[in-house]
Amino acid sequence: KAWNVANYPVISLWQDWDTVLEVKDGIYNSPSCPFVYGGSNCVVSPEHWSSLVSLNRWHRIRMTLYADSTVKCFIDGVLAGSGPAPAFNPGRTSDWVLRLGSFEGDIDEARISRATRD
């Protein structure tokens, strides 16, 4: 839905420009599929996403921020990408916003937790 329109969050837990975990569909992604962002860094590129996520099949996506400011993204239990989020600042006073949507498909469950889960 984002192609040639704007960047759209598919799933986003957002507080500020540098304090975000999200799957985002980019305006000119090639291939036309999402990327994963943590802090202000891309963790999983559209090319890598397209090699891991197939259409018309359920997938489990888990994004985790660790105490050392590392963001990791797991797709179907396999580490898909990781990267530093050095500017990640969860101590801000602004509200956190959860966004779900801007794609054609279904979400079965969304969970936000302070505990790391397997």
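First, a word on scope: everything that follows refers to the structure included in this document. (Residues numbered from 1 in each chain as written. Predicted model: local features only at pLDDT ≥ 70, side-chain atom pairs only at ≥ 80, totals over all residues. Heavy atoms only, no water.)

One pass over the full model with this rule turns up one aromatic pair. A cation over an aromatic ring shows up here: R62 above the ring of F74, its NZ or CZ 4.1 Å from the ring centre. Here the basic side chain of R99 rests over the ring of W14, its NZ or CZ set 5.7 Å away from the ring centre. (Phe/Tyr/Trp six-rings, centres within 6.5 Å; stacked < 30°, edge-to-face > 60°. Lys NZ or Arg CZ within 6 Å of the ring centre and 35° of its normal.)

Right, let's get into the sheet that holds strand 3 (residues 35-38). Judged by pairing direction, the sheet is antiparallel, and its five strands sit side by side in the order 4-3-2-1-8 without closing on themselves. Strand pairing shows two members of the sheet lacking a second neighbour, strand 4 (41-44) and strand 8 (97-100), which therefore form its edges. With direction set aside, neighbouring strand axes in the sheet form an average angle of 20°. Sheet topology places strand 2 (residues 19-25) next to strand 3; four bridges connect them, and they run antiparallel. If you follow K24 over to strand 3, its bridge partner there is F35. (Pairing = 2+ DSSP bridges. Helix = DSSP H or I, 4+ residues; strand = E, 2+ residues; numbered from the N terminus. Axes fitted to C-alpha atoms, helices over the stretch in contact; angles between N-to-C directions.)

Here strand 5 (residues 61-65) shows one buried face, formed by R62 and T64, and one open face, formed by I61, M63 and L65. Where strand 5 meets strand 6 (residues 70-75), five bridges bridge the pair, whose relative direction is antiparallel. Residue pairing across strands places R62 opposite F74, the latter belonging to strand 6. Taking the residues that link successive antiparallel strands as the turn, the strand 5-strand 6 hairpin has four residues, and the phi of S69 there is positive, at about 65°. (Buried < 20%, exposed > 50% of the residue type's maximum accessible area, 1.4 Å probe, protein only.)

On to the state of the cysteines. Two cysteines, two sulfur atoms, one covalent bond between them: this is a disulfide. The tally for this structure, following the rule as stated, stands at zero disulfides. In this structure C33 is not part of a disulfide, and its nearest cysteine sulfur, from C42, lies 11 Å away. The cysteine C73 is free of any disulfide, with C42 supplying the nearest cysteine sulfur at 9.9 Å. (Disulfide = S-S within 2.5 Å.)

This next bit is on the environment of V43. Within the secondary structure layout, V43 lies in strand 4. For V43, a relative accessible area of 11% translates into the label buried. Those residues in contact with V43 that sit more than four places away from it in its chain are V36, Y37, G38, V71, C73, G81, S82 and G83. (Contact = heavy atoms within 4.5 Å.)

For the rest of this paragraph, the subject is the environment of L100. Looking at the secondary structure, you find L100 in strand 8. For L100 and I75, which are 25 residues apart along the polypeptide, the C-alpha to C-alpha distance reads 18 Å. Those residues in contact with L100, other than ones at most four positions away along the chain, are V10, I11, I107 and A110.

Moving on, we come to the sheet that holds strand 6. If you walk across this open sheet you meet the three strands as 5-6-7, and the pairing is antiparallel. A single partner strand is all that each edge strand has here, and the edge strands are strand 5 and strand 7 (78-84). Within this sheet the neighbouring strands show an average axis-to-axis angle of 15°, counted without direction. Of the pairings in the sheet, the one linking strand 6 to strand 7 comprises six bridges and is antiparallel in character. Within strand 7, the position partnered with I75 by the bridge is V78.

Interpretation in functional terms is not warranted from these geometric data alone.
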